[in-house]
Amino acid sequence: MARTLAISTSDGPTLTAASAASMLPTNLLTTIAAGYWQVGRAWKIEMFGRISCAVTTPGTFRVNVRMGAVTVFDSLALPLNVVAQTNVPWGMEITLICRSAGSGTSATIMGLGKCRSTAFLNVPAVATGPWSGAIMVPYNTAPAVGTGFDSTIANAFDMQFTQTVATGSMTLHNITIEEL
């Protein structure tokens, strides 16, 4: 049975800069206790928000999950639509499973998920259909474990968003994190 670990009670910041920045609302900035990650421990992260991108330079949408300064899951850069999108919804689901635990860079997490929005390249606007809009993440590559981290120490949990150009914006409205 899943156990809810965190639920957002407010929006995250509206991000417009091209550099990576925390997308989480302040109530979800937390520290994961030393020894928490054990082989087989799994999380399901579900989130949604709004995104905008410009027609001339849409850029990309990229989300990563971090334990401390280490990226343990990276969606990779999803190309945004060449048709301007303004405040359209996006949604992402990620399942993370601890594959190994330990000190140094021994701990690893494998993640796989999907992301949906009309803001992604080659997805028609809802009015013009047909609309599928689901993209598997990590994007355009085989799933693999993330960068190794130290699970024997406390790690700050964060999720960061990067858009390659500063011509759009993204806001996280809701996120839930469950331990499976």
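Below or above, wherever it landed, is the structure these notes cover. Sequence positions are assigned chain by chain, starting from 1 and proceeding in written order. Confidence filtering applies because this is a predicted model: local features only for residues at pLDDT of at least 70, side-chain atom pairs given and counted only at 80 or more, and all residues used for totals across whole chains, interfaces and linings. Computation of side-chain values: all heavy atoms of the structure, hydrogens and water removed.

Across a sheet, strands are paired by hydrogen bonds formed along the backbone, either parallel or antiparallel in direction. Pairing is antiparallel in the open sheet, where six strands are placed in the order β1-β12-β4-β8-β9-β10. On the outer flanks of this sheet lie β1 (3–7) and β10 (134–137), each paired with one strand and no other. If you compare each strand with its neighbour and ignore which way they point, the axes differ by 20° on average. Pairing between β1 and strand β12 (residues 169–179): four bridges, direction antiparallel. Paired with arginine 3 across the bridge in β12 is glutamate 179. Here, a strand pair is defined by DSSP locating no fewer than two bridges between the strands. The helix and strand labels rest on DSSP assignments: H or I over at least four residues marks a helix, E over at least two residues marks a strand, and numbering proceeds from the N terminus. Interaxial angles span 0 to 180 degrees and are taken between N-to-C directions of axes, which are lines fitted to C-alpha atoms, for helices over the stretch in contact.

It is worth spelling out the pattern of salt bridges at this point. Salt bridges are counted wherever a side-chain nitrogen of Lys or Arg sits within 4 Å of a carboxyl oxygen of Asp or Glu. Counted by the stated rule, this structure contains six salt bridges. Of the charged contacts, one joins glutamate 179 and arginine 41 as a salt bridge, the two residues approaching to 3.3 Å between their closest N and O atoms. Of this pair, glutamate 179 sits in strand β12 while arginine 41 sits in the loop between β3 (30–32) and β4 (42–53), and the two are 138 residues apart along the sequence. Partly exposed residues are those whose accessible area sits between 20% and 50% of the maximum for their type, while under 20% is buried and over 50% is exposed, using a 1.4 Å probe and protein chains only. On the accessibility criterion, arginine 41 (26% relative accessible area) is partly exposed. The partner of glutamate 46 in a salt bridge is lysine 44, and the shortest N-O contact between them spans 3.9 Å. Overlapping salt bridges, with partners in common, bring together Arg3, Arg41 and Glu179 in one network.

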